[in-house]
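# Report on the structure
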Amino acid sequence: MNEAAPIVDKNVRDAIAHWAPRLIANGIDYNDFQTTTARITRWRDWSAEWSRTAEKHEQLAREAEGRGSVPSATEAYVRAAICHHFGKFVFFDDMEQYARANAATAANYRMALAGLAPPAEAVGIPYQGTLLPGYLRRPQGVARPPVALIICGLDSVKEEMNSFEPLFHARGMATLTFDGPGQGEAETLPIEPAFEKVVGAVIDFLEARDDVDGSRVGTIGISMGGYYAARAAAYEKRLSCAAASGGPYDFGEEFRTMPLISRQAFKLRSHSPDEETAAARAAELTLRDAARAIEMPFMVIFGEKDRLIPKEQAERLFSEIPHPGKQLRMFPDGNHVCNNMPFAWRPLVADWIGSHLKA
């Protein structure tokens, strides 16, 4: 007699249906995805099971170190970091588990920094009396390269950009990924709607260095980071160009219809005591005035099958940008951030930013 299939709760089904392409595109091995999600029938087990998978990679990293293999250890530590991250990225049922996984994400990735190609430097970016943690990576053989600034979204962190960064290095650009207010190691700060303040601090940091060209900086923002990139393009004139993939025009307009876990993520990371406060703070994230102030080349990338943000928001942003160097790339089969087709949009945006930075 066949055993009945386990009953999987709605949050688990929703997470798998919505986020599977993103996890695979950003470094989760397909086999790990299959075996880990097969063990999860209750949402309360999501983080613990992904940490269990991460621990497997931590053990592989230690074994590789024992035999003196830096490349193998580096790869395993990166995989462990990404597994820990996706265990907690939208998991708020147990905040002790959340905090452990958040710390383990950064700790494992830092073990990999020297072995990455090119290596990464852990940096601290001065911002409002604290330091925003980031990773700076410079392509080998390029003196004072321009910089592609990669801005994370509502539930992404700097470690998640590991699979995206090499496209810029191959085109002669350095990359800087960082945790801004409400992200990763900087969650002690609330989400900042006026994100040009954050990007301004980042550019101050880059201009003070002599190993990169702080006068040639472009940015790509992902999901909520697309909103951040547009705000920065409007009001931080030192940027050379900017792009947004899957970003909202007005986050508040969509907030109440978003999945519960996305609303919970915003509530936590905006430091809102309740959902009503979160909705009010979500309404502050609008490009209603900012879009018309974008006076630099700007690329909007969007998927027509995005289930979080309607395509009309991308079209509105594009229509209001006055700069003639704007572009809109709408992918008919793309989901949120076009995570189901990174091979199509990521090289495109790397080429586009590189051309504007003269990399």
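One structure accompanies this document, and this report is about it. Please read all numbers here as calculations on a predicted model, not as lab measurements.

With that settled, the discussion passes to the pattern of salt bridges. Summed over the entire model, instances satisfying the criterion amount to 32 salt bridges. Notably, a salt bridge pairs glutamate 207 with arginine 238, separated by 3.0 Å at the nearest N-O pair. Placement of glutamate 207 in helix α7 (residues 196-207) and of arginine 238 in the loop between α8 (224-235) and β6 (241-245) is noted, with a sequence separation of 31 residues between them. Residue arginine 288 is joined to aspartate 250 by a salt bridge in which the shortest nitrogen-to-oxygen separation is 2.6 Å. Separated by 38 residues along the polypeptide, arginine 288 in the loop between α11 (275-282) and β7 (298-303) and aspartate 250 in the loop between β6 and α9 (251-255) bring together distant segments of the chain. Exposure remark for arginine 288: the relative accessible area of 39% places this residue in the partly exposed category. Accessibility expressed as a relative area gives 3% for aspartate 250, which makes it buried.

So, on to the nonpolar core. In this structure, Leu176, Phe178, Phe251, Phe266, Ile294, Phe298 and Leu317 are the most contacted members of the largest nonpolar core, which totals 94 residues. Ile150, Phe164, Met173 and Phe331 belong to the second largest nonpolar core, which has 24 residues in total.

Now for the packing of helix α3 (residues 46-66) against helix α4 (residues 70-88). Geometrically, a packed helix pair is captured by the angle between its two axes and the distance between the axes. Relative to each other, α3 and α4 sit at 170°, their axes nearing to 8 Å. The pairing of α3 with α4 is recorded here as roughly antiparallel in orientation. Counted by class, the contact of α3 with α4 contains twelve nonpolar, seven polar and five charged residues.

Rules used in this analysis
- Residues numbered from 1 in each chain as written.
- Predicted model: local features only at pLDDT ≥ 70, side-chain atom pairs only at ≥ 80, totals over all residues.
- Heavy atoms only, no water.
- Salt bridge = Lys/Arg side-chain N within 4 Å of Asp/Glu carboxyl O.
- Helix = DSSP H or I, 4+ residues; strand = E, 2+ residues; numbered from the N terminus.
- Buried < 20%, exposed > 50% of the residue type's maximum accessible area, 1.4 Å probe, protein only.
- Core = buried A, V, L, I, M, F, W, Y, C linked by side-chain atoms within 4.5 Å.
- Axes fitted to C-alpha atoms, helices over the stretch in contact; angles between N-to-C directions.
- Parallel < 35°, antiparallel > 145°, perpendicular 65-115°, else oblique.
- Nonpolar A, V, L, I, M, F, W, Y, C, P; charged D, E, K, R; others polar.

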